[in-house]
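What the coordinates show
Read off the chains here:
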Amino acid sequence: MLEEEEATLISEHPDVVSVFENTMKTLHTTRSWDVMGGFLNRQGKAHPESIWAKADYGDDIIVANFDTGVWPESESFGDEGYGPVPKRWRGICQNNTKHSFHCNRKLIGARFYDLSQQAKSASPPVEYSPRDSEGHGTHTLSTAAGGFVRGANIYGRAKGTARGGSPHARVAAYKVCWDLCADANLLAAFDDAIHDGVDVISLSVGALPSEYLFDSIALGSFHAVQRGITVVCSAGNEGPTPGTVSNIAPWLFTVGASTIDREFYSLVTLADNKKMKGVSLSPKSLPAHKPYPLIDGSDAKRPNASAEEAGWCYPATLDPGKVRGKIVVCSRDPSLARVEKGVDVLKAGGAGMILANSDEEGNSLVADPHFLPASMITYKDALRLSSYLKSTKSPTATISPATTVLGVKPAPAMASFSSRGPNLINPEILKPDITAPGVDILAAFTREVGPTMLDVDKRRVGFNVMSGTSMSCPHISGVAGLLKKLHPRWSPAAIRSAIMTTARTRDNTRTPMKDANREKATPFDYGAGHVRPNRAMDPGLVYDITFTDYVHFLCSRGYNASSMAQFIGKRYACPSKTMRAEDLNYPSIAVPNLQKSFTVSRTVRNVGTPGTYNVRIKAPFGIDVSVKPQTLEFAKVEEEKTFHVRLRSRGESVGVGYVFGGLTWTDGTHYVRSPLVVNAFS
């Protein structure tokens, strides 16, 4: 803890890397593995050609999770059938707590950090251990590498199968978050994880983007990647606003969130027999086929409450005399948790709740374990419901029990909350990189709090359904672990390239992926596309990036010798002719300031069989694209070839903003895809 003058003095010491304020970052808050394609056969066993089978389920890969800790007793971290802990593991199980905490051959390590005194100053006091009292860390870690758990009970109603991406991997929990996630904790955890010998770091944490030199995640991960550790981060939950994507350093693997083809339907039926498909995970239900009086929250306000606040079902705004025995319509808003609205309806004597989206949420629906019969409906249905309420003096409705429905179309679609590009720090680097399942994801949970994490929730569950880029990030962490097992010599950049260049941009209707409003999504939403793990096993070609490449990229940011020393730990003189950020050997191509003509270069390495690759181009609107050479011939594995992409603007592209296309290298078997993102100014 330093005064400003002390911090300034210390920053001038030659052995001090950098000094910046210890700010706080936030958490970015199943069948999802099946929907990514070809993992299981009809008997529920791994397909012999799947990445699970080929990579031996990630056996002995070590996946670290920086989050709120772990619930060690969870079935997802049982160690039956596991052999000895890998000898290369150098970590610890930090268990000197008043409450027992144990590791095993699955959960091989755990640490906790409280360098900002968050836990010590909490009221009531927080348990000072790696144990997860929030649920977020247990959920994300089990998604990345939890073991198989069949018959996972969900709120006493439905059952499912919970499993992680690398189900035979070893896991380690680094508790860096209490209520928030301090920079100091994150940097300390990076140091320890590097020392401990992990293969993958999963990090569902972030903040608004800042210059890399003052970003704890960018700094810590830079050193992890230098040592061959793949660092996977969430893109953030600030969407669909453009330019909100976080964790944008090019050595990070940044993940957006999309839906899966499973929904938990709860049908709303009006008296005129109009039906609306909502979603819910409420364990409570109303009597079948019995209509209940229906009232909008704004029409049920207390005398001292505003109609607007009552329409949002804020605490103490609903009049029990107007609500009792009725289904109440509550509008969504960002300042009050969805489930809390139901608590207020229940306190006022309501029989059920319909949660209506605003135009901002559109068609994006999230199933919640409400305390009363409830269903969330889209904005389109909310408008229909509003018209119905105005059309009759005695409106009624029914809410059906929650039902699991598979094969939903279209899917995947981008979640409205998933943060969007462009990258505000370096628009030459497309972010996010990829999208993965992040809506209604089933995984392990703490028993310290209820599934809603509200103080009034006394329920306890072993598994929970949650949504966020926090949930999509560990899916990619699990896939990265499988690829590390299959290809132990691949760099983090090669692993990222394999996942990105084999992604898909079409949904299960074979049409382009959509956003939550059913509009065509773009690379600013999904990066390279939706992950296809089985294809990533054999990508054909990869775009690799060395540590020196990243150093030269920092030079392109204008870092001087002093700044470079702060970043890489030693003085480094940038070459007189620095590289352009657009020429970093990234699997995507982004040119944010096209002036007439611009040429970028890329190098690919053959990681498949010898062969000839031909280029296919999907030019962005108003942009002429040419590639030289148009054919790449590889005589052997590990051979590298360089190509150049020239972009020229035509009049119709100037001033219209970003336009999107793609470039694909194919030998007839492999399809190595890269998105093209261009903004023409002249």
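This text follows the structure it describes.
Residues numbered from 1 in each chain as written. Predicted model: local features only at pLDDT ≥ 70, side-chain atom pairs only at ≥ 80, totals over all residues. Heavy atoms only, no water.

1. Section: the nonpolar core
Heads up, the rule is: What makes a nonpolar core is a set of buried Ala, Val, Leu, Ile, Met, Phe, Trp, Tyr and Cys residues whose side-chain atoms join them at distances within 4.5 Å. Burial status follows relative accessibility: with a 1.4 Å probe on protein chains alone, a residue under 20% of its type maximum counts as buried, one over 50% as exposed, and anything between as partly exposed. Here, residues are in contact when the closest pair of their heavy atoms is within 4.5 Å.
Counting 97 residues, the largest nonpolar core has Phe-66, Tyr-174, Ile-201, Tyr-212, Trp-251, Ile-499 and Phe-567 as the members making the most contacts within it. Contact partners of Trp-251, with chain neighbours within four places excluded, come to Tyr-212, Ala-218, Ser-221, Phe-222, Val-225, Arg-496, Tyr-550, Phe-553, Leu-554 and Phe-567. Core analysis: the next-biggest nonpolar cluster, separate from the first, contains 28 residues, Tyr-265, Val-279, Val-323 and Val-328 among them.

2. Describing the packing of helix H12 (residues 469-486) against helix H13 (residues 492-501)
This is how it is decided: For helices, the fitted axis covers only the stretch in contact; all axes are lines through C-alpha atoms, and the angles between them, taken along N-to-C directions, range from 0 to 180 degrees. A run of H or I in DSSP counts as a helix once it spans at least four residues, and a run of E counts as a strand once it spans at least two, with each numbered from the N terminus. Crossing handedness follows the turn of the near helix against the far one: under a right angle anticlockwise gives a left-handed crossing, and clockwise gives a right-handed one. Residues are grouped as follows: Ala, Val, Leu, Ile, Met, Phe, Trp, Tyr, Cys and Pro are nonpolar; Asp, Glu, Lys and Arg are charged; all remaining types, including Gly, are polar.
Two elements in contact, H12 and H13, have axes separated by 10 Å at closest approach and are oriented at 115°. H13 is crossed by H12, and the crossing has right-handed handedness. In contact with Ile-476, Val-479, Ala-480, Leu-483 and Lys-484 of H12, H13 contributes Ile-495, Ala-498 and Ile-499. Along the lines of polarity and charge, the residues of the contact of H12 with H13 split into 7 nonpolar, no polar and 1 charged.

3. Section: the pairing of strand S3 (residues 107-112)
Cut-off, in case you're wondering: The rule for pairing is simple: two strands pair if DSSP sees at least two bridges between them.
Taking burial as the measure, the 6 residues of S3 include 6 buried ones, the bulk of the element. Pairing of S3 with strand S6 (residues 170-175) involves 5 bridges; the strand directions are parallel. For Ala-110, the partnering residue across the bridge sits in S6 and is Ala-173.

4. Here's the deal with the state of the cysteines
What counts here: By disulfide we mean two sulfur atoms from cysteines, separated by a distance within 2.5 Å.
Applying the stated rule across the entire model yields 4 disulfides. For Cys-313, the disulfide goes to Cys-330, at an S-S distance of 1.9 Å. Note on the Cys-313 and Cys-330 pair: the S-S dihedral is about -85°, so by sign convention the disulfide is left-handed. Note that Cys-313 is positioned in the loop between helix H8 (307-311) and helix H9 (320-323) and Cys-330 in strand S15 (residues 327-331), a separation of 17 residues in sequence. Considered together, Cys-313 and Cys-330 belong to a single accessibility category, that of buried residues.

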